[in-house]
Structures are given as structure tokens and as C-alpha cells.
Amino acid sequence: MQFRPHRYRTEFPAVLSTPMGKLKVTINDVNETGALITLPETLARGHKVEMVVLNHRISGIVQWALRGKCGVTFRPHLSIAQVDVLRYKQGGNLTARHRTMNYAEMR
């Protein structure tokens, strides 16, 4: 059994071009190889989809679809920079920030 690489949770809004037209979707998790996407319509397995992020076209193939969600495999895989952009999360907890106070520098 082979496990897929870790996927990063996100809430990235995007516009997905599908055979049925353009759809406003939300990317729920992502890594270099694929993503989980929430969408208003159901897609079929095997549909080719495309979205634009940072002026780069990202193409993929729907691997599964069920009740307003689908799993997409990217062809070709994404770069680390593209994954970092898609990991952006709207909202989030603004009070939980990293603090460096009370840490001593190790030498």
C-alpha cells in the first residue's frame, strides 16, 4: 500500500474551468500532486479541469467526485511556490501568533 504525500489544509477561493463552464470553487487541501475541491456542481470522474494561479495555468484530472466535492490530480505536478500560494487561508485566528519572547538563543 502506498500513501499519498501530506496535504495542507486551506480555504483558497478559485475559478475552475470545466467541460460545463467556469465554476467558483474552494480548494480545501492541497499538495504538489493534487487537491480536494468543494464546488457547487458535481463533476464526473475523468473530467479535465484548469485554473489560473499567479499567471500559471494549473491543469488536472478529476479522480473522484461525490456530493459537491472532488479530488483532482495535477498534470504536471505543482511547484513548491504554487503550493505555498494555494496554502493561503482566508480569515484564520489572528490572536494565535508566533511569539519569540522568552526564548533564549542557543549557541
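Look a little higher up for the structure.
This is a predicted model, so every value here is computed, not measured.

Parameters and conventions
- Throughout, residues of each chain are indexed from 1 in the direction in which the sequence is written.
- In keeping with the predicted nature of the model, local features appear solely for residues at pLDDT of at least 70, side-chain atom pairs appear and are counted solely at 80 or more, and the whole-chain, interface and lining totals rest on all residues.
- Note that water and hydrogens are dropped before the side-chain values are worked out from all heavy atoms of the structure.
- Helix and strand definitions follow DSSP, with helices as H or I runs of at least four residues and strands as E runs of at least two, each counted in order from the N terminus.
- Between buried and exposed lies partly exposed: a residue is buried under 20% and exposed over 50% of the maximum accessible area for its type, with that area taken using a 1.4 Å probe on protein chains only.
- We call two residues in contact whenever any of their non-hydrogen atoms come within 4.5 Å of each other.
- What makes a nonpolar core is a set of buried Ala, Val, Leu, Ile, Met, Phe, Trp, Tyr and Cys residues whose side-chain atoms join them at distances within 4.5 Å.
- Aromatic contacts are taken between Phe, Tyr and Trp rings whose centres are within 6.5 Å, Trp giving its six-membered ring; a plane angle under 30 degrees counts as stacked, one over 60 as edge-to-face, and the others as tilted.
- Two conditions define a charge sitting above a ring: the NZ of Lys or the CZ of Arg must be within 6 Å of the ring centre, and it must be within 35 degrees of the ring normal.

A few words on the side chain of Thr-73. Within the secondary structure, Thr-73 sits in strand E6 (residues 69–74). Given the relative accessible area of 17%, Thr-73 is considered buried. Once residues lying within four places of it in the same chain are set aside, the contact partners of Thr-73 are Thr-33, Gly-34, Ser-59, Gly-60, Ile-61 and Gln-63.

This next bit is on the environment of Gly-68. Among the secondary structure elements, Gly-68 is positioned in the loop between strand E5 (56–66) and E6. Residue classification places Gly-68 among the buried positions, given a relative accessible area of 17%. For Gly-68 and Glu-41, which are 27 residues apart along the polypeptide, the C-alpha to C-alpha distance reads 5.9 Å. With sequence-adjacent residues up to four places away left out, Gly-68 is seen in contact with Ile-37, Thr-38, Leu-39 and Thr-42.

Quick look at the nonpolar core now. Ile-27, Ile-37, Leu-43, Met-51, Phe-74 and Leu-86 are the most contacted members of the largest nonpolar core, which totals 22 residues. Looking at this core, the elements that each hand over two or more residues are strand E1 (8–18), strand E2 (21–30), strand E3 (34–38), strand E4 (48–53), E5, E6 and helix H1 (80–86). Residue contributions to this core peak at 4 residues, all from E2. Apart from residues no more than four positions distant in its own chain, Ile-27 is found in contact with Thr-10, Glu-11, Phe-12, Ala-14, Ala-35, Leu-36, Ile-37, Met-51 and Leu-86.

What follows concerns the environment of Val-83. One can find Val-83 in helix H1. For Val-83, a relative accessible area of 2% puts it in the buried group. For Val-83 and Gly-34, which are 49 residues apart along the polypeptide, the C-alpha to C-alpha distance reads 9.9 Å.

Applying the stated criterion across every chain, the model contains 0 aromatic pairs. Positioned over the ring face of Tyr-8 is Arg-87, at 3.9 Å from the centre of the ring.

This brings us to unusual backbone geometry. Cis geometry marks the peptide bond from Arg-75 to Pro-76, where omega comes out at -5 degrees. Inspection of the secondary structure puts Pro-76 in the loop between E6 and H1. You will see that Arg-67, though not glycine, has its phi angle at about 45 degrees, which is positive. Secondary-structure assignment places Arg-67 in the loop between E5 and E6. The exposure class assigned to Arg-67 is exposed, which follows from its relative accessible area of 74%.

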